[in-house]
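# An overview of the molecular structure
For reference, the chains in residue letters:
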Amino acid sequence: MYAQVIVDIAHSQVDRIFEYSCGDDVRAGSRVKVPFGGRIIDGFIVGLSEKSSFPPDKIKPLSEVYEEPPALVEECFSLMNEISARYRVPKAVCLRLFLPAEMRAGRVHEVYKKIVKLSDGGITLSKSAKKQLEFIEYLKECGEAEYTALCEQFGRGAVNAVIEKGGALLEKVKINRAPAVWEAPAEGGKVLTPAQQAALESIENTEKTVHLIHGVTGSGKTEIYLNVISRALERGKTAIFLVPEISLTPQMFSQLRRRFGEKAAILHSGLSAGERFDEWWRLRTGEAKIAIGARSAIFSPLENIGAIIIDEEHDGSYFSESAPRYSTVEVAEMRAKNNGCKLILGSATPSVETYSKAISGEYNLITLTQRINGKPLPHITIADMRKEVKRGNNSAFSSALREELADTLESGNQAILFLNRRGYSHTVICQDCGYALKCENCDVSLAYHSEENCLKCHYCGAKYHMPRACPECGGLHLRYGGTGTQRVVADLKKEFPEARILRMDNDTTSGKEGHYKILRQFAEKKADILVGTQMIAKGHDFPSVTLVGILDADMSLHFSDYRAGERTFQLITQVAGRSGRAGEAGKVVLQTFSPENYILRYAVNYDYSGFFANEINLRQATKFPPYSLIVRVMVTAEDDGPALEALKGVYFGTEKLRSEHPREFIFLNKMHSPIKKIQGRVRYQVLMRLESGALLPEIYDLSVKYTTQNALVYVEENPVNLS
Ligand code: ADP
Ligand code: ZN
């Protein structure tokens, strides 16, 4: 037999299939070691054949086949080709997507424990072998026990002696490192509401691949997803369920476990390498049938997929920011087509692009307008911070928010305060010369972190001592600008000394299960107020939360990005949706310096249709997506020289394309990226707006052509982040 092998080298020059000879028992999808250019390296078998087109003496045998079931499912081979062609990345890079990173590096292995069992054949021991007799008696009672524990209790000598005499058996069993979930008694399905029932029927009976559930927060979308999954399982199929990375909602995981038990496997970045590895194998072997996780779980090793669900489909984390820079929805559509299954997108605030596909009929649109509990959506009060400042209130809290907080604490309910900025202050500015302290590796200001009394760069993680004086002018008056979560907590403690406060942001959630611990404490009402960033915006369902404060609604509004309005609308709706989910009606206080802004007006009234109609008109008039495609070709390098060289190449290449296809181009320019340097690498870009994706292949070609040893060039389509 001959094996077609992709070698695990991420380079375009070896991006093709190599052939090796192998035995008849070798299976496609297996990981192998092969001789390659004088070395032995890893590879993957992507196909097998009886014959080879090469002369036999030119073909080398495989060096080794990994002793494990084939790691790649068959669908990987076609997906590999699709993804590699679509995003112009080597096939090996595509295949890596399908494997847990830990596996490739060989850092993680299965773990085993040794257990000792009583054997069938009895043995006779002399009365003097006291320890051995005790040990046998013990085993008779418990049946089996761990080898190491037994050795501690009875002595290694005694245990080994009994095993040698055949009185007990030593066995190796695999341990599944299982991720922690909120302990969960099994739970059956809920009785569906008529709206949920109708949604399910619409999904089943509409002959379209993609379905969008646009349902207000608390309208019971999750219950619909769970039903879609159980129907897939009933038909003997599997399912993939994606949630945004930042939400990492343990509640969602526990809900899945309650409903589906061990059939649900969890894949996310908060797991230890070992846990992820074991969960992944449970999916691969078919022991688990449902994969739940963030973006990368779309590559789960499942066969015979019956449904793919993407919750909070508008979330930015569904776009990969490293190669391949894929859109999760796009990959999900590929898998849905390969498996002949449905793709269900859900959101209270669908992205403008998705929603326009839904109303144009490309996707099946399902709308849920009511919350399950029949309660209205929480009332949103706008607090005009300009007036507060005029009145002399310079704190982070408006008087309206302060009063509501006092009421909430009084009544024993809980509050969530949202501010998308961690640290104590966003910047440190010299009041004498106006200089803002900056990172040495990145072109960004440093944030002050009060807990460690240091300055941190939020782009590269570098830490600096807080200087006593301005490094530019020596002035001693350094001022903190831009409130962060740490400062909010400090201010809250002053104003509400009795309140128990939790903070959830990147600084408090590091380590395994960091998120989990904080959310858990809050769910158990061990705190009254949860202060947090983006992370607390989504998905969480805390019945006692009756107040949500959005401290700085303007932050995302003023980004110079065509999606700024859309993002702000989404964020407000999502955060507000955390309030009043159970018994009592919820309230929201939204603080802003631009209360008359139309986006905020739509958000306050939960008027998605109004927002969408306005936004889509604007996009059409100004020719922004979905009426165009924004493409950014990024060039980064350690030095200006190679960066500018590559930039020139890409730009001239693009100009040539424009001269050939003038109608395709709406805009084209080259420039410094808004953030000129990150992690010591300078950043330049060729930015263009195109009528369609027709020229994408040529533009990807340019990025490959001008990537050098010293300059990295890559393409971003409608980038989530234009910094
Ligand atoms: P969404 O995902 O749309 O924000 P959820 O699925 O979280 O909404 O549902 C909101 C609340 O309603 C949850 O507490 C959920 O347990 C409850 N719920 C959902 N469907 C039903 C139902 N059919 N009967 C009773 N309670 C339900
Ligand atoms: Zn930095």
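Scroll up to find the structure.
A brief structural summary.

Calculation notes
- Residues numbered from 1 in each chain as written.
- Chains lettered and ligands numbered in written order.
- Predicted model: local features only at pLDDT ≥ 70, side-chain atom pairs only at ≥ 80, totals over all residues.
- Heavy atoms only, no water.
- Helix = DSSP H or I, 4+ residues; strand = E, 2+ residues; numbered from the N terminus.
- Rg over C-alpha atoms; globule rule 2.2 N^0.38 Å.
- Areas by Shrake-Rupley, 256 points an atom, 1.4 Å probe, with all protein chains shown as cover.
- Lys, Arg positive; Asp, Glu negative; His and termini not counted.
- Charge placed at Lys NZ, Arg CZ, Asp CG, Glu CD.
- Core = buried A, V, L, I, M, F, W, Y, C linked by side-chain atoms within 4.5 Å.
- Buried < 20%, exposed > 50% of the residue type's maximum accessible area, 1.4 Å probe, protein only.
- Contact = heavy atoms within 4.5 Å.
- Donors = N, O, S within 2.8 Å, 3.2 Å for Na, K, Ca; no water.
- Tetrahedral: all angles 85-135°; square planar, octahedral: opposite > 155°, others 65-115°.
- Axes fitted to C-alpha atoms, helices over the stretch in contact; angles between N-to-C directions.
- Parallel < 35°, antiparallel > 145°, perpendicular 65-115°, else oblique.
- Nonpolar A, V, L, I, M, F, W, Y, C, P; charged D, E, K, R; others polar.
- Near = heavy atom within 4 Å.
- Polar contact = N/O pair within 3.5 Å; in protein donor to acceptor, adjacent residues only side chain to side chain.

### With respect to the overall build of the protein
Broken down by element type, the protein carries 21 helices and 30 strands. A compact globule built from 723 residues would reach a C-alpha radius of gyration of about 27 Å, and the protein, at 29 Å, matches this within 12%. When its C-alpha atoms are laid out on the principal axes, the protein stretches across 95 × 70 × 65 Å. Total accessible area computed for the protein in this model is approximately 32300 Å², and 50% of it derives from carbon and sulfur atoms. When the 91 basic and 89 acidic side-chain charges of the protein are each reduced to a single mean position, those positions are 1 Å apart.

### Concerning the nonpolar core
Most often, soluble globular proteins have nonpolar side chains that are buried together. Core analysis: the biggest nonpolar cluster contains 115 residues, and Ile308, Leu343, Ile550, Val631, Val633, Met688 and Ile699 have the highest contact counts within it. Contacts of Leu343, omitting those with residues within four sequence positions, involve Thr209, Val210, His211, Ile308, Ile310, Val329, Ala332, Glu333 and Ala336. Residues Leu226, Val228, Ile229 and Met252 belong to the second largest nonpolar core, which totals 28 residues.

### Concerning the coordination of the zinc ion (ligand 2)
On the protein side, the zinc ion (ligand 2) has Cys439 (SG), Cys442 (SG), Cys457 (SG) and Cys460 (SG) as donor atoms, found 2.3 to 2.4 Å from it. If you look at the zinc ion (ligand 2), its 4 donor atoms make angles of 107 to 116° with each other, and the shape they trace is tetrahedral.

### Remarks on the packing of helix α4 (residues 130–142) against helix α6 (residues 156–165)
For the pair α4 and α6, interaxial distance at closest approach is 9 Å and the crossing angle is 70°. Overall, the two elements α4 and α6 adopt an arrangement that is roughly perpendicular. Residues Lys131, Gln132, Phe135 and Ile136 of α4 touch α6, and the partners they reach there are Ala158, Val159, Ala161, Val162 and Lys165. Taken together, the residues of the contact of α4 with α6 sort by class into 6 nonpolar, 1 polar and 2 charged.

### Examining the site of ligand 1
What surrounds ligand 1 is a group of 16 residues, the closest being Val191, Gln196, Gly218, Lys221 and Thr222. In this structure, a nitrogen atom belonging to ligand 1 sits 2.8 Å away from a main-chain N or O atom of Val191. Between an oxygen atom of ligand 1 and a side-chain N or O atom of Asp541, the distance comes to 3.0 Å. Considered on its own, ligand 1 offers 560 Å² of accessible surface; in the complex 75% of this is hidden by protein. If one sorts the elements of the shell around ligand 1 by residue count, helix α8 (residues 221–234) sits on top with 3 residues.

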